[in-house]
Amino acid sequence: MENRIENNLKALSKTVLVNLPTDSATYTLDDFVEMQSVWIEDESKKLKSKNYEVEQAVEDLIQTICSYTLDQHVEAISAEEIQKLSKYYSWSMYQALLHATKYSLN
Amino acid sequence: MKERICGRRNLPKQVLKPFFEVDVRLDGSQSVLKPSLQEVQDAINKAASHVLKSTKKVQLWFQKDVPEEEKEPFYNWIAKDKEIVKVILLLTGSIQGTKNSVSKFLEGFSTYSWLWTKKPEDDLKRFRQTEPDLDDFEEKLKDFDLKNGQIEEIQSTHQIGALSLKTIGVKEALSNYLFQWKLVFSKDIHK
C-alpha cells in the first residue's frame, strides 16, 4: 500500500519533463522542440497512469480501513475523517505534479 | 530549462554552455542571425509550453462519475500557480537579454559595408585618376590581402549567453566580396 501511494508520489514529483542534453552538443531549434515534444508525450503518459494508480490505491486504502472490524469500544471512523484522508492524498498528488513541472521549467 | 538558457542568478559569473547554434550571415546590406533571435525565443516558448501541458491529460481526483471529455486536468491549476507563471515569464523573455550584445556583435561587421555599398569599378576609376604607378597598384592589392587576413582571423564561433554564433557564413560572404574587388583591380593592372 505504501509503495503504491507514497513511492509513486515521490517518483512523480521527481519526473523530469524536459530532455536537456548535459554534454556540450548544440541543437537546431526544430530538433530542440521536437526532442521536448517526444520526451514530454512519453512522460505525460506515465504521469497519467501513475496518477490513476495512486487514486485507485487511496480508494483501496479507504476500503480497507472501512471494512476493518473495530472493537466495539472504539468509535467508528467518521466520513469526515475519510474525506480528509483522500483530500490529503489528492493534494499531495497536485504538489507532486506541481513540483515536477516547476523543477523542469527551472 | 531556465537555468540552462538563462544561467543561475546566484552564479552570475558562471559560463553558460552554449545551447543553440545560430549562423551569422550577410543578408543583402546587413549581417543577420539565422535563425533569428525571435525564432530562438519561439522555440523556447514552444518547449516551455510543452512542459507546462504535460499534465493536461492527468485528471484531478474525484471525477470518476464525470464524463471523460468534461474531466478537469491538473494542468488547469498548475498553469495558474504563481511560481510557474513567474518561470514562464522569465523563459519567454530569456532571449531579450542577449539582444543588445548580439546587435553590437552584428554591427561589428559594418566595418566591411563598403564591400557591398560601393562598386569596385567606381573605386577603380577614382584610383586611376590618381595616375598610380605599379607600386601603388601593388600597395592596393596588398591592402586587399591584409583585409582578407583580418576577415579570416574573425573567430569562427562567438558565444553570447546560451547562443553560439557561427560566423562561417558571414566570413565566406565577406571574402567573396573582397575577392571580387581584388579581381577588378588586378585585371586592370596590366592595361
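Above this text is the structure in question.
What counts, and at which threshold
- Residues numbered from 1 in each chain as written.
- Chains lettered and ligands numbered in written order.
- Predicted model: local features only at pLDDT ≥ 70, side-chain atom pairs only at ≥ 80, totals over all residues.
- Helix = DSSP H or I, 4+ residues; strand = E, 2+ residues; numbered from the N terminus.
- Rg over C-alpha atoms; globule rule 2.2 N^0.38 Å.
- Buried ≥ 20, exposed ≤ 12 C-beta atoms within 10 Å, placed from the backbone.
- Contact = placed C-beta atoms within 7 Å.
- Nonpolar A, V, L, I, M, F, W, Y, C, P; charged D, E, K, R; others polar.
- Pairing = 2+ DSSP bridges.
- Axes fitted to C-alpha atoms, helices over the stretch in contact; angles between N-to-C directions.
- Core = buried A, V, L, I, M, F, W, Y, C linked by C-beta atoms within 7 Å.
- Expected span 1.5 Å × (residues − 1).
- Arc of directions from axis to C-beta.

(A) Spatial organisation of the overall build of chain A. Broken down by element type, chain A carries three helices and zero strands. Written out in order from the N terminus, the α and β elements of chain A read α-α-α. Radius of gyration (C-alpha) of chain A: 19 Å, far over the 13 Å computed for a compact globule of 106 residues. Here chain A holds 106 residues, and 22% of them are scored as buried.

(B) A look at the interface of chain A and chain B. At the junction of the two partners, chain A supplies 29 residues and chain B supplies 35 residues. Looking at the side of chain A that touches chain B, the elements with two or more residues in it are helix 2 (29-67) and helix 3 (79-105) of chain A. With 12 residues, the single largest contributor to the side of chain A that touches chain B is helix 2 of chain A. Residues that form the side of chain A that touches chain B fall into these classes: 14 nonpolar, 11 polar and four charged.

(C) Molecular detail of the pairing of strand 2 (residues 30-34) of chain B. Residue and element names in this part refer to chain B. Here strand 2 shows a buried face lined by Ser31 and Leu33 and an unburied face lined by Gln30, Val32 and Lys34. Taken together, the five bridges between strand 1 (residues 20-27) and strand 2 define a ladder with antiparallel strand orientation. Bridge assignment links Asp23 to a residue of strand 2, and that residue is Lys34. Counted along the chain from strand 1 to the antiparallel partner strand 2, the turn is two residues long, and its residue Gly28 has a positive phi close to 65 degrees.

(D) Region of the structure containing the sheet that holds strand 2 of chain B. All names here are of chain B. What the four strands build is an open sheet, ordered 2-1-4-3; its pairing is mixed. Two strands close off the open sheet at either side, each with one partner strand: strand 2 and strand 3 (157-160). Here the strands of the sheet are splayed against their neighbours by 30 degrees on average, with no regard to which way each runs. Note that strand 1 and strand 4 (residues 163-166) share four bridges and pair parallel. Across the sheet, the residue bridging to Phe20 is Leu163, located in strand 4. Packing against the sheet, helix 9 (residues 168-188) makes contact with strand 1, strand 2 and strand 4, and its axis sits at approximately 20 degrees to strand 1.

(E) Structural view of the nonpolar core. A:Leu97, B:Met1, B:Ile44, B:Ala48 and B:Val51 are the most contacted members of the largest nonpolar core, which totals 49 residues. When near neighbours in sequence (up to four residues on either side) are disregarded, B:Ile44 contacts B:Ile5, B:Leu91, B:Ser94 and B:Ile95.

(F) Region of interest: unusual backbone geometry. All names here are of chain B. Backbone torsion omega between Lys34 and Pro35 reads -5 degrees, so that peptide bond is classified as cis. Here Phe62, not a glycine, exhibits a phi torsion of approximately 60 degrees, which is positive. Note that Phe62 resides in the loop between helix 2 (37-52) and helix 3 (75-78). The class for Phe62 is exposed, based on 12 C-beta atoms found within 10 Å. The phi torsion at Glu131 lies on the positive side, around 45 degrees, for a residue other than glycine. Along the chain, Glu131 falls in the loop between helix 7 (120-129) and helix 8 (134-153).

(G) Spotlight on the pairing of strand 4 of chain B. Residue and element names in this part refer to chain B. Of the two faces of strand 4, only one is covered, namely that formed by Leu163 and Leu165; the face formed by Ser164 and Lys166 stays uncovered. Sheet topology note: the strand 3/strand 4 ladder contains four bridges and is antiparallel. In the sheet register, Thr157 faces strand 4, and the bridge partner there is Lys166.

(H) Structural context of helix 9 of chain B. Residues and elements named next belong to chain B. Between its terminal C-alpha atoms helix 9 stretches 30 Å, which fits the 30 Å expected from 21 residues at 1.5 Å a residue. For helix 9, every residue scored as buried is listed here: Val170, Ala173, Leu174 and Trp181. Buried residues of helix 9, viewed axially, fall in a sector of 100 degrees; they line one side. With respect to the buried face of helix 9, the exposed residues turned more than 90 degrees away are Asn176, Phe179, Leu183 and Lys187.

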